[in-house]
Amino acid sequence: MNVLKELNEAQVAAAKVIEGPIMVIAGAGSGKTKVLTHRIAHLIENGIDPFNILSLTFTNKAAQEMKGRISSMVGEDLSRNIWMGTFHSIFARILRIEHEKIGYPSNFTIYDTQDSKSVIKAIVKEKNLDDKLYKPSIVYNRISAAKNSLIDPESYQNNIEITSTDKATGRPEIGDIYMSYHQRCFRASAMDFDDLLFKTNVLLKQNPEVLYKYQDKFKYILVDEYQDTNHAQYLIVKALAARFENICVVGDDAQSIYSFRGANIQNILNFRRDYPDYQLFKLEQNYRSTKNIVEAANSIIRVNKEQIKKSVWTANNEGSKIKVFKSYSDNEEGKTISNDIFEKTQNEKFAFNEFAILYRTNAQSRSFEEALRKLNLPYKIYGGLSFYQRKEIKDLLAYFRLSANLNDEESLKRSINYPRRGIGQTTINKALVCANQHETSLWNVLCDPQRFEFLINSGTKSKLDLFTSTILNYNSRIDKTNAYELAHEIAKNTGLLKELSSDRTPEGIVRFENIQELLNGIQEFTKQTEESKLITLADFLVDVALLTDADNEKEDDRNKVSLMTIHAAKGLEFPNVYIVGMEEDLFPSQMSKNSRNELEEERRLFYVALTRAKVNACLSYAISRFKWGNLIQCEPSRFLEEIDPAYLDYKKYTKKTFSNIHKKKTNVDNVLRNKFSKPLPHLKKVQNIKQTTSYNNKEEILKINVGDDVLHDRFGKGKVIELNGEFPNTKATVFFPSAGQKQLLLKFAKLQLI
DNA sequence: TGCCCGGGTGTTTTT
DNA sequence: CACCCGGGCA
């Protein structure tokens, strides 16, 4: 089979080169992923060993998708051996293999942003610095930027430019905090996200034999989304590719949207310098969108000064113009968009998953959630607080992490007194002082108080002993026991499950369910590979910090409207795209108004948003919106003026159409209730539950009895099987033919007697 | 040590 | 508006 036969001329040209450095500048929707996957398949068909291929992507999801596509072309047996993943996950893997060379244990913990900030916060406090000036996020960003430029704590303090900037902003101690932070992480056998790249650079630089080994292994390297690589990533790629120079990078400068976290478009320009005999390919034909959308997007990006010249075009239909909606408030914007979605599903037979609502900030999702929920339209929110960042999940993971790495200080602090076991802040603080004095880990101090002059009374001592011996027990089994078995035991024996199950508030129930979901996930994880192989909790923990929600996609999430930030939408496409909150200070964000560069990045972001659309694009703005509890007036975004008006269709949005929509709503509800009797799965976000606090009144609740037929606005008709608990916390077990058995709190579930 | 209340503060975007 | 944190009190 010729894997290149499905490609166009430009795509074939880029995919068929086997040797040498090549750069592919790929316009939006031009089949960039297709070129990458077919190129890899082509390499394999030409006898290149999959073990010699390294393919770096921006997200885990992209990696999985590519792997799937390649496997369907060359077969799973071959494709499974390709190293494909994000920079972070691939190099975490390598660091675990080569851990000795950098003085870390192989089971090091990966600190997520929360963990890192918490470490910083503790340091700021210890040093008695002003915590309003040294905010964790500011300090974290400074340290992160330094690490991405490969500046270690010493170089930081010796770098006049950096230190004078810190002095100028009134924060001369950041270098000092960086030093402590660095030591603290090391002591905890932990690395933050940036360390994964930083230490990989150190590893490859200081160990020529290791570099040689991986150069030899990764003879063919591919990098997707090259425009969004940062300096640390650039150097890793450069080092690995130095020997064979079989490197293929794919990107689009017009879609560079991550400079705020160190991404550097210069990397594209450096490529020419580093590989003077490189071949350049441009993919300019867009296969995704209508002419209108492509042209409108071109008219936007043209405003930017800095860009590589290319002309994206399409042979697709003209399509309809881009609709512009004006609303009076953020809530009305939600209704407007939801109604438009509903109409399209009715009149044009679009499925729910053919819609996306894209916004600049996560906070904007609320009004759309509410409006969609009212119309009974199923939706899924991507991003926001990820599953793995939820408090209850982190609480349980802390026990796992601590059991795997006893030095993990963040996990220790988190788990030692939750659930309560009488080891309070005072005790911890005392122990921390000892740990700092003796330059050892908190864990060591707790295990051997005498040795580290940690003075405690016998009561506390016995509580500590109980805790440490429990953890030691888990620790001894972490790589010998089935992951689910141990995870479940930990959840149960530490009292965490009990603690959560005793909380009968709706939020508490969601938390309990989340824990169950995590345990189920672990159980699934143990089954994914060959049957006989023992999968341990240590295996599960290896890259749990690098997982995101996108890796968690559920079957029942398939036919839903997608809500996400534009950043999260990168690389995706939808027939119908709504870009909402098109207002000055929101999009473009007010933070970006300081410099031309930042404003151009916002414009690229808008370009990315618009080019996600295949058939219909829609822009929306509100003239007023709630911000921090205050209603503020908004100006339409300058981007609306920048688009060539020839591609726009300004919807007149009068009172009349508004009331029509309202009249329709009742209708909508009924139609939908019959048509989609499937349950709308409960929201994952804990906050969402809280917002619906309109309780049912007492009489209504007391009227309901076992055996009654009731109507629920999500699950439809059902029968009450059981009632438990006293008013107002009466809980009903209801059987819904369409949704199965559900436990509902009567004060929240608006059940109607039939 | 734990709980409750009040004030202060914050929203870009993410591996 | 919501959340987080710290102070004060039991």
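Let me begin by describing the structure that accompanies this report. In this text, all values refer to a predicted model and were calculated from it rather than measured experimentally.

Description of the side chain of R288
Here comes step 1: Relative to the helices and strands, R288 resides in the loop between β9 (285-286) and α15 (291-301).
Here comes step 2: Within the structure, the side chain of R288 is placed 2.8 Å from the backbone oxygen of T611, a separation counted as a polar contact.

With respect to the pairing of strand β14 (residues 561-565)
Here comes step 1: Of all the five residues making up β14, five are buried; the element is thus mostly covered by neighbouring parts of the structure.
Here comes step 2: Because side chains alternate across β14, one face comprises the buried residues V561, L563 and T565, and the other comprises S562 and M564, equally buried.
Here comes step 3: As judged from the three bridges shared by strand β13 (residues 379-381) and β14, these two strands associate in the parallel manner. Residue pairing across strands places I381 opposite L563, the latter belonging to β14.

A few points about the protein's contact with DNA strand B
Here comes step 1: Close to DNA strand B lie 26 residues, the nearest being K132, K135, R360, T426 and W628.
Here comes step 2: R261 has a polar side-chain atom sitting 3.2 Å from a sugar or linking oxygen of DNA strand B.
Here comes step 3: Side-chain polar atom of R420 to a phosphate oxygen of DNA strand B: 3.4 Å apart, as the coordinates give it.

Description of the packing of aromatic side chains
Here comes step 1: Under the definition given, this model contains 18 aromatic pairs.
Here comes step 2: Ring centres of F87 and F91 lie 6.0 Å apart, and the angle between their planes is 35°; on these two criteria the pair is classed as tilted. Of this pair, F87 and F91 both sit in helix α5 (residues 87-97), four residues apart, which is roughly one turn of the helix. Taken individually, F87 and F91 each receive the classification buried, so the pair is uniform in this respect.
Here comes step 3: Between F587 and F639 the ring centres are 5.4 Å apart and the planes differ by 85°, which places this aromatic pair in the edge-to-face class. Linking F587 in the loop between β15 (574-579) and α28 (596-610) with F639 in helix α29 (residues 638-642), this pair joins segments that are 52 residues apart in sequence.
Here comes step 4: Taking relative accessible area as the criterion, F587 reaches 0% and is therefore assigned buried.

Here's the deal with helix α2 (residues 32-45)
Here comes step 1: Given a rise of 1.5 Å per residue, 14 residues ought to cover 20 Å, and the 20 Å separating the end C-alpha atoms of α2 matches this to within 8%.
Here comes step 2: By the criterion of burial, α2 is predominantly enclosed, with eleven of the 14 residues buried.
Here comes step 3: Restricting attention to buried positions, one finds in α2 the residues K32, V35, L36, T37, H38, R39, I40, A41, H42, L43 and I44.
Here comes step 4: Within two residues after α2, G47 carries a phi angle of roughly 90°, on the positive side.

Some words on the sheet that holds strand β7 (residues 247-251)
Here comes step 1: Judged by pairing direction, the sheet is parallel, and its six strands sit side by side in the order β3-β2-β6-β7-β1-β8 without closing on themselves. Only two strands of the sheet have a single neighbouring strand rather than two, namely β3 (83-86) and β8 (279-283). The mean angle between the axes of side-by-side strands here comes to 15°, regardless of whether they run parallel or antiparallel.
Here comes step 2: By the bridge criterion, three bridges tie strand β6 (residues 220-223) to β7 in an arrangement that is parallel. Residue pairing across strands places V223 opposite V249, the latter belonging to β7.
Here comes step 3: Against the sheet, helix α14 (residues 266-274) engages β1 (22-26) and β7, with an angle of about 150° to β1.

Focus: the packing of helix α6 (residues 113-126) against helix α10 (residues 174-187)
Here comes step 1: Between α6 and α10, the shortest axis-to-axis distance is 10 Å and the interhelical angle comes to 125°. Compared by their axis directions, α6 and α10 come out oblique. Remark: the crossing between α6 and α10 carries right-handed chirality. Mapping the contact onto sequence places S116, V119, I120, I123, V124 and E126 in α6 and I177, S180, Y181 and R184 in α10.
Here comes step 2: Class assignment for the residues of the contact of α6 with α10 results in six nonpolar, two polar and two charged.

Points about unusual backbone geometry
Here comes step 1: Residue P419 is reached from Y418 by a cis peptide bond, and omega for that bond is -5°.
Here comes step 2: In this fold, P419 is placed in the loop between α19 (409-415) and α20 (425-438).
Here comes step 3: At the junction of F587 and P588, the peptide bond is cis and its omega measures out at 10° in the coordinates.
Here comes step 4: Of note, P588 is situated in the loop between β15 and α28.
Here comes step 5: Even without being glycine, L150 reaches a positive phi, approximately 60°.
Here comes step 6: The topology assignment puts L150 in the loop between α7 (136-148) and α8 (153-158).
Here comes step 7: The phi dihedral of E453 is positive, around 55°, even though this residue is not glycine.

Side note on the sheet that holds strand β19 (residues 648-650)
What links the strands of a sheet is backbone hydrogen bonding, and the strands pair in either a parallel or an antiparallel sense.
Here comes step 1: The sheet built from seven strands is open, its strands ordered β13-β14-β12-β15-β16-β11-β19 with parallel pairing. Edge strands, defined here as strands with exactly one partner in the open sheet, are β13 and β19. The mean inter-strand angle of the sheet, taken between neighbouring strand axes irrespective of direction, is 25°.
Here comes step 2: Relative to strand β16 (residues 613-622), strand β11 (residues 322-327) is paired through five bridges, and the arrangement is parallel. From the neighbouring strand, K326 faces β16, where its bridge partner is Y621.

Here's the deal with the pattern of salt bridges
Here comes step 1: One pass over the full model with this rule turns up 43 salt bridges.
Here comes step 2: E409 serves as the salt-bridge partner of R187, at 3.3 Å between the closest nitrogen and oxygen. Of this pair, R187 sits in helix α10 while E409 sits in helix α19, placing them 222 residues apart in sequence.
Here comes step 3: On the basis of relative accessibility, which here comes to 16%, the residue R187 falls in the buried class.

Calculation notes
- Residues numbered from 1 in each chain as written.
- Chains lettered and ligands numbered in written order.
- Predicted model: local features only at pLDDT ≥ 70, side-chain atom pairs only at ≥ 80, totals over all residues.
- Heavy atoms only, no water.
- Helix = DSSP H or I, 4+ residues; strand = E, 2+ residues; numbered from the N terminus.
- Polar contact = N/O pair within 3.5 Å; in protein donor to acceptor, adjacent residues only side chain to side chain.
- Buried < 20%, exposed > 50% of the residue type's maximum accessible area, 1.4 Å probe, protein only.
- Pairing = 2+ DSSP bridges.
- Near = heavy atom within 4 Å.
- Phe/Tyr/Trp six-rings, centres within 6.5 Å; stacked < 30°, edge-to-face > 60°.
- Expected span 1.5 Å × (residues − 1).
- Axes fitted to C-alpha atoms, helices over the stretch in contact; angles between N-to-C directions.
- Contact = heavy atoms within 4.5 Å.
- Parallel < 35°, antiparallel > 145°, perpendicular 65-115°, else oblique.
- Left-handed = near helix turned anticlockwise from the far one by under 90°.
- Nonpolar A, V, L, I, M, F, W, Y, C, P; charged D, E, K, R; others polar.
- Salt bridge = Lys/Arg side-chain N within 4 Å of Asp/Glu carboxyl O.

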